[in-house]
There are 4 protein chains.
Amino acid sequence: MAGNSFGTIFKLTTFGESHGEAIGGIIDGCPAGLSLDLEAIQAEMQRRKPGQSSIVTQRKEEDEVQLLSGIFEGKTTGTPIGFVIQNTNQKSRDYSHIKDTYRPSHADFTYDKKYGIRDYRGGGRSSARETACRVVAGAIAKQLLKNVTITAYVSAVGELQLTKPYSELDFSQIEKNPVRTADVDMAVQMEEYIKQIRKEGDTIGGTISCVIENMPVGLGEPVFGKLHAEMGKAMLSINAVKGFEYGSGFTGTRLKGSQHNDIFNEDGSTQTNFSGGVQGGISNGEDFYFNVAFKPVATIMQNQQTINSDGESVEMSGKGRHDPCVVPRAVPIVEAMAALVLADFWLLNKLSKI
Amino acid sequence: MAGNSFGTIFKLTTFGESHGEAIGGIIDGCPAGLSLDLEAIQAEMQRRKPGQSSIVTQRKEEDEVQLLSGIFEGKTTGTPIGFVIQNTNQKSRDYSHIKDTYRPSHADFTYDKKYGIRDYRGGGRSSARETACRVVAGAIAKQLLKNVTITAYVSAVGELQLTKPYSELDFSQIEKNPVRTADVDMAVQMEEYIKQIRKEGDTIGGTISCVIENMPVGLGEPVFGKLHAEMGKAMLSINAVKGFEYGSGFTGTRLKGSQHNDIFNEDGSTQTNFSGGVQGGISNGEDFYFNVAFKPVATIMQNQQTINSDGESVEMSGKGRHDPCVVPRAVPIVEAMAALVLADFWLLNKLSKI
Amino acid sequence: MAGNSFGTIFKLTTFGESHGEAIGGIIDGCPAGLSLDLEAIQAEMQRRKPGQSSIVTQRKEEDEVQLLSGIFEGKTTGTPIGFVIQNTNQKSRDYSHIKDTYRPSHADFTYDKKYGIRDYRGGGRSSARETACRVVAGAIAKQLLKNVTITAYVSAVGELQLTKPYSELDFSQIEKNPVRTADVDMAVQMEEYIKQIRKEGDTIGGTISCVIENMPVGLGEPVFGKLHAEMGKAMLSINAVKGFEYGSGFTGTRLKGSQHNDIFNEDGSTQTNFSGGVQGGISNGEDFYFNVAFKPVATIMQNQQTINSDGESVEMSGKGRHDPCVVPRAVPIVEAMAALVLADFWLLNKLSKI
Amino acid sequence: MAGNSFGTIFKLTTFGESHGEAIGGIIDGCPAGLSLDLEAIQAEMQRRKPGQSSIVTQRKEEDEVQLLSGIFEGKTTGTPIGFVIQNTNQKSRDYSHIKDTYRPSHADFTYDKKYGIRDYRGGGRSSARETACRVVAGAIAKQLLKNVTITAYVSAVGELQLTKPYSELDFSQIEKNPVRTADVDMAVQMEEYIKQIRKEGDTIGGTISCVIENMPVGLGEPVFGKLHAEMGKAMLSINAVKGFEYGSGFTGTRLKGSQHNDIFNEDGSTQTNFSGGVQGGISNGEDFYFNVAFKPVATIMQNQQTINSDGESVEMSGKGRHDPCVVPRAVPIVEAMAALVLADFWLLNKLSKI
């Protein structure tokens, strides 16, 4: 209701500010009997955490997740899985410089207007730190969906875009380069570019593409609960996301029906897949693929003019250790949210017929 | 749950197949005391209905909405508003040609797989006919939001795109041309192009842009309930939609933070609006604007190879009277869904602080 | 949210005032493939409708339900089932005598204070007429639960109470007497008593008991979603209900644990059933039985002192044709709500383990 | 959905097993700007915790709540309030004696059947330990409802019942006696009786009554969301509860309408209050009062015959330190759940009219 829950059956509710005591969440509705690989959960946390490479923020956050309930002798019990991640590294910082200042294109102004009060330390609830909780839940959802393959990768950093269709990319490269892109040459270029941006004290946007293979048929609900609508919401709820398109996306708007229609093979598969694996909001078994647009991070290491809460003009200088480009670290977040959407629809679809 | 409801406080639930007895819905959570302009509701229905101009489908559907409850002496009473729209024109048609055939890029195949049964007459539940119910509810939501201005218009038909920023367009033109675009010259070109496409028995995609002015500050909820995430879901739930972007959107991914950040004026407004009126998922009072991508309609007036439910290859020929381009008629639907999202968040925001 | 929906998966949303155009509802989440016996639905409507016998109101309401969607060739399609029941008999009545008057122990005062406006004709939304929609949905839920037997009966009218345990009653008698009780002798006494009450222009309360046999094991969810908690809510939501108890109920509060504990047989059944078929909120397969308390109907055929909306004291005389005792007609409503609760939990329970 | 959340706007979701690492919860939807009295929260925890007196269980549980988020400089921020209560005292216990044994009238059997796995240590999720989380959230809800007075007290222990109407009781006595009853003489008798029951190794049921004074008018929603229906669900969701009645309750079923109707005074108050402060599911401003029935605790200190998970008959002996009568410690839980219901409806009611 108030925005901190996601999903209907497999449902995640999260809490926590970036500089409070801890962040955490509750996963309700995970079926009993799932053998959990706890290391796999922590491994996803490692993919998201700061300080993994020279092109992401050098903040230290251990991001160790403590699972507090809902698991017994290695298996889920059907009861809610509560978890907590301590905020270990951020307590003593000085935030007086942003206490009364609205950082441009951050949520300081809007939270203040909406709530009349805000935890100004490091962005509080609006910080991307909360995405750590999404990764925990997504890692469990992935284990529930064990036959489904969810692969996200960076498909653009600024103007540097992968132009090949995903079927011609080498997904095995993704975790081998710090940018998490699926093309060796482009990985080098993108890395160089991000380093240059960082030197400028600036940031740069990018896109992440995600491909879901071995999709079950029948996921998604009619009308308002379409698979891609919920997936779009999931992606748009990630910090810094500005757009979502699936299948032919915005490019498809320039095609004719005779070009765009996916002709069936006799086995029910299709010869093309402009539909992106979804027809009428329900999966047809083909790959479900989509693109997610991320704006450049708003925190830059340059002086900016802004205002304070009294409406006075002030200058603020960039401080702290921030990501020059958010997309490499957002890859596991995109996968996590994709897994949450699919797990929920997969369960819901078990009830579609008697 | 099963996908036929939208909203949390101001909540629409709909029912109905394109060729059943009737379609309809229930709006729950509309506050009491709202004086309803019933003609304004019907006027929105007229904007959506088929047969309005030479470039849309020539089907006749009167689409008269009967409001059955929740209104007394011209005002809402706080109880649910039930409504029904009879399906007057479609009963006697012959659908045997699609009974066992899966039309390419339609939902026939996926509904059949998901439910094991489907109402094959004219698309059934997956038909865009259900959007008439959205328009009813949206028209009421608009009246609730009386100071907010929601304007949608066609911004592209195939390759023909409006390139000017919306502030340079003339919104007063939109309802004066059958394409519902906001540029007089482009309206003529688009209309010509759609006519040509129809002659070819083909269809073409397009985009709709929507601008919301006089936005209240504070709409949207943290984390998963971000204003633009719910708006994205709303748009992606409309038939044929393939993508959604707001503010700088996909273009913004190529910008640097120093270019993209919206610098505040002393009154809290911003000098630029790459944010699209939303920061941290919450409205900041600037215009909230977004683009919606529509694929070309799947029903074409050409022969296509496809399969039947036995997995046999069959040829099907296009029949009936369909839209060569869906975007002109989708304009009021985009506005309706936008109104539903805003009404819901506007109510919810009344509870954000004590 | 605003109170007009019930259920999570198998979900009913209703609309309608007693004297508006029509009442109706939408059932979302009914699985596809259920062969519907439409006559059985209408038969349940007949059990609820006024004018069935000399001890209930003599109002004429045909209560014919029109099913508008979600059913194709006799089977549910998985899409929402919309339905409407016209209000045929009530249009021309004169309600000026209650327009500004708050009837004692009715909802006139509270609706007026809550909403600032109310449809005063015959109780509007607060009228028990809305229970007709519950009966429609319950009749479909019953068909989904085909192996479960739900039997409700009148167990008390005023001081006249059935004292035998339900296992000693003859359920085959219930529909054979106008009171719908399960004891032939008591049926005669209760009928006589109700007739006498009616002659006095008065009304009388009573209780309904409900027994659910062939209960599946495992229905109900932990903590807040306990089977009996949701059943209690379902029953308490019926007009005029003042209390709910299941299993040993209020009587069980006077027992010791050593008396009250249900000792297991080796097959998992229990020797006694003080638990009422529910342990820890989850069904154990034993009979689930409960009692529901109904107050006397507030509309009496006697003069009463009351106030109008200006806070002035006025006298009102009873008018119209009302039930002297509500329990005979409430029997199918209790069953319907029980069926809704069970159908919902039965579906939900399919997701409890992998 | 899966049962671990309560409320719609002011929403509590909980997690945790009695013998896991910790229990806890998330309160979403608490408005920003509420100054929280943290000591008052802990004081409610003290009222619920074991070991307070000689008539309750002598287990030691410190039940210190850690509030992890959503509070800044002493005020709520509108973001979710996450909290954790460590399970400090229970780690090393030996539960092998109940590992494969189904305790009579406990949830062991039903959880096992539903989930195929259960955390058998001390009841796991079905233990009343989870009610500590309800008390935390209820204590915050109470602070939100600062002008409303919620008073619960023990009204019966076994056959020992308070017979006076609540208006004649002395509420100031409640916290002065270990039974938490509102009558000095009865307090002594009840205490003696509970001690005797404990000596017998047995347990006894009882009832709690709750009176809510200074009720706002207009709380509750139509049809399914009636105030007393949600309150009934709230109470029935508490461990060991078997029944709920409000206002005249089951007694009211024996009255005539002419006796039961509450006649209005000119100021809108009523001369009697058989309605229990609720008409048509919506509060009328009079006291809202109700009774809650608790069965005797199932864990007794006597040998009982039962079965194990292989369906073999086994004997089990009572072990551990359990409450001989649950009602004294359940008083703050009843109040907490009442506060949750009221806070939620109080917020929701702000949206009832424009």
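(A) Layout of the relation of the copies chain B and chain A. Laying chain B over chain A is done by rotating through 180° and shifting 0.0 Å along the axis; what remains is an RMSD of 0.0 Å. Seen this way, the second copy is the image of the first under a two-fold rotation axis. The residues that chain B uses at the interface reappear at the interface of chain A in 100% of cases, marking a shared surface.

(B) Examining the sheet that holds strand E3 (residues 22–28) of chain A more closely. Residue and element names in this part refer to chain A. One open sheet accounts for five strands, arranged E1-E2-E3-E7-E4; its pairing is antiparallel. The sheet terminates laterally at strand E1 (5–6) and strand E4 (65–67), the two strands that pair on one side only. Sheet topology places E4 next to strand E7 (residues 81–86); three bridges connect them, and they run antiparallel. Its bridge partner being in E7, Val 65 is matched across the sheet by Ile 85. Most of the contacts of helix H4 (residues 131–144) go to E7, to which it runs at about 140°, and overall it touches strand E2 (11–15), E3, E4 and E7.

(C) The arrangement of the interface of chain B and chain A in detail. Of the residues lining the interface, 108 residues belong to chain B; the matching set on chain A comes to 109 residues. Between chain B and chain A, roughly 8,300 Å² of surface is buried when both sides are summed, and carbon and sulfur atoms account for 61% of that area. For chain B, the biggest contributors to the area lost against chain A are Lys 114, Phe 224 and Lys 242 of chain B; these three give 11% of the whole. Across the contact surface, chain B and chain A share eight salt bridges.

(D) Looking closely at the side chain of Arg 118 of chain C. By the element assignment, Arg 118 of chain C lies in the loop between helix H3 (108–115) and helix H4 (131–144). The contacts of Arg 118 of chain C, once residues within four sequence positions are left out, are Phe 72 of chain B together with Ile 98, Lys 99, Asp 100, Thr 101, Tyr 102, Asp 108, Tyr 111 and Asp 112 of chain C.

(E) Up close: unusual backbone geometry. Despite not being glycine, Ala 240 of chain B has its phi angle at roughly 80°, a positive value. With respect to the helices and strands, Ala 240 of chain B occurs in the loop between helix H6 (227–236) and strand E12 (241–246). Under the relative-accessibility criterion, Ala 240 of chain B is labelled partly exposed at 22%. Of note in this structure, Asn 214 of chain C is not a glycine but carries a positive phi near 60°. According to the relative accessible area criterion, Asn 214 of chain C is exposed, its value standing at 52%.

(F) A look at the packing of aromatic side chains. Within this structure, the stated rule accounts for 46 aromatic pairs over all chains. For the pair Phe 72 of chain A and Tyr 120 of chain D, a centre-to-centre distance of 5.2 Å together with 90° between the ring planes defines the contact as edge-to-face. In this pair, Phe 72 of chain A sits in strand E5 (residues 71–72) while Tyr 120 of chain D sits in the loop between helix H3 (108–115) and helix H4 (131–144), so the two residues belong to two different chains. Assessed through its relative accessible area of 7%, Phe 72 of chain A is described here as buried. We classify Tyr 120 of chain D as buried; its relative accessible area is 15%. Relative to Phe 264 of chain B, the ring of Phe 109 of chain A lies with its centre 5.3 Å away and its plane at 50°, an arrangement referred to as tilted.

(G) Expanded view of the side chain of Arg 129 of chain A. The residue Arg 129 of chain A is located in the loop between helix H3 (108–115) and H4 in this model. Side chain to side chain, Arg 129 of chain A and Asp 63 of chain A meet in a polar contact 2.8 Å long.

(H) Examining the interface of chain C and chain D more closely. Facing 109 residues of chain C, the contacting portion of chain D comprises 108 residues. For the pair chain C and chain D, the summed buried surface comes to about 8,300 Å²; carbon and sulfur atoms form 60% of the total. Sorting the residues of chain C by area buried against chain D places Lys 114, Phe 224 and Lys 242 of chain C first, and these three jointly supply 11% of that buried surface. With its nearest N and O atoms 2.9 Å apart, the salt bridge here joins Glu 230 of chain D to Lys 233 of chain C. Across the contact surface, chain C and chain D share 49 residue pairs in polar contact (both at pLDDT 80 or more). Across three bridges, strand E12 (residues 241–246) of chain C lies against strand E12 (residues 241–246) of chain D in antiparallel orientation.

(I) Spotlight on the pattern of salt bridges. Per the counting criterion, the structure on display carries 80 salt bridges over all chains. Measuring nitrogen to oxygen at the nearest pair gives 3.1 Å for the salt bridge that ties Lys 256 of chain A to Glu 200 of chain B. In this pair, Lys 256 of chain A is assigned in the loop between strand E12 (241–246) and helix H7 (257–260) and Glu 200 of chain B in the loop between helix H5 (184–199) and strand E11 (206–213), connecting two distinct chains. For Lys 256 of chain A, a relative accessible area of 23% corresponds to the partly exposed category. The exposure class of Glu 200 of chain B is partly exposed, given its relative accessible area of 33%. The residue Arg 103 of chain C makes a salt bridge to Asp 108 of chain C at a minimum N-O spacing of 2.8 Å. Owing to a relative accessible area of 3%, Asp 108 of chain C belongs among the buried residues under this scheme. The network of salt bridges with shared partners includes Glu 44, Arg 47, Lys 142, Glu 175, Arg 180 and Glu 335 of chain A.

(J) Broad picture of the sheet that holds strand E17 (residues 313–316) of chain B. Residue and element names in this part refer to chain B. One open sheet accounts for three strands, arranged E8-E16-E17; its pairing is antiparallel. Across the chains shown, the open sheet's two edge strands, defined by having one partner strand only, are strand E8 (101–102) and E17. As paired strands, E8 and strand E16 (residues 304–308) are joined by two bridges and run antiparallel to one another. Across the sheet, the residue bridging to Tyr 102 is Ile 307, located in E16.

Analysis parameters
- Residues numbered from 1 in each chain as written.
- Chains lettered and ligands numbered in written order.
- Predicted model: local features only at pLDDT ≥ 70, side-chain atom pairs only at ≥ 80, totals over all residues.
- Heavy atoms only, no water.
- Least-squares fit on C-alpha atoms with pLDDT ≥ 70 in both.
- Contact = heavy atoms within 4.5 Å.
- Pairing = 2+ DSSP bridges.
- Helix = DSSP H or I, 4+ residues; strand = E, 2+ residues; numbered from the N terminus.
- Axes fitted to C-alpha atoms, helices over the stretch in contact; angles between N-to-C directions.
- Buried area = accessible area lost by both parts, 1.4 Å probe.
- Salt bridge = Lys/Arg side-chain N within 4 Å of Asp/Glu carboxyl O.
- Buried < 20%, exposed > 50% of the residue type's maximum accessible area, 1.4 Å probe, protein only.
- Phe/Tyr/Trp six-rings, centres within 6.5 Å; stacked < 30°, edge-to-face > 60°.
- Polar contact = N/O pair within 3.5 Å; in protein donor to acceptor, adjacent residues only side chain to side chain.

What is shown is where atoms sit, not what they do.
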